[in-house]
Amino acid sequence: MQEQSFTVVPIGRVESPLRRLEDAPRQGDEEAPEADLVFAPAVAAGLEGIGVGARLLVLTWLDRAERDVLTVHPRGDVSRPVTGVFATRSPDRPNPLGLHRVEVLARDGLRLRVSGLEALDGTPVVDVKPVLGPVGER
């Protein structure tokens with residue numbers, strides 16, 4: 001495989017009451033708190049069309065993850081067999097991208113209040129995409 005490098009530029013950041021890894025739930029649907037996505041002014045036009053009720057996939061860069069991890073005990077449970085990180089949702093992995101499904105609860109300019117986001121305060125946001133449903137729901 002040919003080595004390549006990529007530059008990913010954050011477009012915003014997470015503001016959350018979650019400050020420490022040990023405080024964060026494993027998944028967004030496990031009692032994750034509401035949080036804010038705060039976007040850079042340079043990407044304001046990209047937020048056009050996003051309003052309250054929008055379902056989004058938020059991609060983050062898990063900047064506190066360990067990048068040299070290839071195997072884990074799923075969910076940190078040592079009673080479970082060691083598994084490759086690509087078969088898990090572990091944040092520790094070579095390219096620690098977070099994928100979060102959220103709903104927009106409020107919007108104030110460059111700030112989106114979203115449901116159940118398990119990302120830590122200060123986590124860089126690298127992209128946002130709409131959740132696509134069946135053709136009739138788009």
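Above this text is the structure in question.
Owing to the predicted nature of the structure, the values given are computational and were not obtained by experimental measurement. (Residues numbered from 1 in each chain as written. Predicted model: local features only at pLDDT ≥ 70, side-chain atom pairs only at ≥ 80, totals over all residues. Heavy atoms only, no water.)

(A) Local environment of the overall build of the protein chain. The number of helices and strands found in the protein chain is zero helices and eight strands. Counted from the first residue to the last, the protein chain has its helices and strands arranged as β-β-β-β-β-β-β-β. Residue burial in the protein chain is summarised as follows: out of 138 residues, 34% are buried. For the protein chain, the proportion of contacts with a sequence separation of at least 24, taken over those separated by at least 6, is 73%. If you sum the accessible surface of the protein chain, you get close to 8,900 Å²; carbon and sulfur atoms cover 52% of it. (Helix = DSSP H or I, 4+ residues; strand = E, 2+ residues; numbered from the N terminus. Buried < 20%, exposed > 50% of the residue type's maximum accessible area, 1.4 Å probe, protein only. Contact = heavy atoms within 4.5 Å. Areas by Shrake-Rupley, 256 points an atom, 1.4 Å probe, with all protein chains shown as cover.)

(B) Structural context of the sheet that holds strand E7 (residues 111-114). The strand order around the closed barrel formed by six strands is E1-E2-E7-E6-E3-E8, and the pairing between neighbours is antiparallel. Direction aside, the axes of adjacent strands within the sheet are offset by 45° on average. Pairing between strand E3 (residues 55-61) and strand E8 (residues 124-130): five bridges, direction antiparallel. Residue pairing in the sheet places Leu59 in a bridge with Asp127 of E8. (Pairing = 2+ DSSP bridges. Axes fitted to C-alpha atoms, helices over the stretch in contact; angles between N-to-C directions.)

(C) Structural view of the pattern of salt bridges. In total, this model carries six salt bridges according to the counting rule given. Of the charged contacts, one joins Glu15 and Arg111 as a salt bridge, the two residues approaching to 2.7 Å between their closest N and O atoms. Of the two residues, Glu15 is situated in strand E1 (residues 12-15) and Arg111 in strand E7; the sequence distance between them amounts to 96 residues. On the basis of relative accessibility, which here comes to 30%, the residue Arg111 falls in the partly exposed class. Salt bridges sharing common partners tie together Arg13, Glu15, Asp36, Arg111 and Arg113. (Salt bridge = Lys/Arg side-chain N within 4 Å of Asp/Glu carboxyl O.)

(D) Structural view of the environment of Val9. Here Val9 lies in the segment before E1. On the basis of relative accessible area, Val9 is assigned to the exposed category, the value being 57%. Between the C-alpha atoms of Val9 and Pro124, which are 115 residues apart in sequence, the distance is 8.9 Å.

(E) Spotlight on the nonpolar core. If you look at the biggest cluster of nonpolar residues, it comprises 18 residues, and the most contacted ones within it are Leu37, Phe39, Ile50, Leu56, Leu112, Leu117 and Val125. Where this core is concerned, the elements lending two or more residues are strand E2 (35-39), E3, strand E6 (97-108), E7 and E8. Once residues within four sequence positions are removed from consideration, Ile50 is found in contact with Leu56, Val104, Arg107, Leu112 and Val128. (Core = buried A, V, L, I, M, F, W, Y, C linked by side-chain atoms within 4.5 Å.)

(F) Structural detail: the environment of Arg89. Inspection of the secondary structure assignment puts Arg89 in the loop between strand E5 (83-84) and E6. Distance from Arg89 to Arg75, taken between C-alpha atoms, is 8.3 Å for residues 14 residues apart in sequence. One polar contact links the side chain of Arg89 to the main-chain carbonyl oxygen of Leu99, over a distance of 3.0 Å. (Polar contact = N/O pair within 3.5 Å; in protein donor to acceptor, adjacent residues only side chain to side chain.)

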